[in-house]
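If you want the building blocks of each chain, they are given just below.
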Amino acid sequence: MREMNKEYLLQIDGGVNISGAIVTAFTKAFNTILDIGRSLGTAIRRINSGQMC
């Protein structure tokens, strides 16, 4: 195994820096957009079919 010096270690770049909080936020936003679309589609369908309460 090779020993690494401090200068070499400072040059190492990590992978993609995406935290779990960012992924969760995008997932919640996507689900919210889908829910709004479903609600809007249901409202349009009910108005067109005349089955409003």
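A few points on the structure.

## Side note on the pattern of salt bridges
Thought 1: All told, the structure shown has one salt bridge when counted by the stated rule.
Thought 2: As a salt-bridge pair, Asp35 and Arg38 come within 3.0 Å of each other at their nearest N and O atoms. Of this pair, Asp35 and Arg38 are both found in helix H2 (residues 20–49), three residues apart, which corresponds to roughly one turn of the helix.
Thought 3: Residue class for Asp35 comes out partly exposed when judged on its relative accessible area of 42%.
Thought 4: Residue class for Arg38 comes out exposed when judged on its relative accessible area of 53%.

Each value, and the rule that gives it
Residues numbered from 1 in each chain as written. Predicted model: local features only at pLDDT ≥ 70, side-chain atom pairs only at ≥ 80, totals over all residues. Heavy atoms only, no water. Salt bridge = Lys/Arg side-chain N within 4 Å of Asp/Glu carboxyl O. Helix = DSSP H or I, 4+ residues; strand = E, 2+ residues; numbered from the N terminus. Buried < 20%, exposed > 50% of the residue type's maximum accessible area, 1.4 Å probe, protein only.

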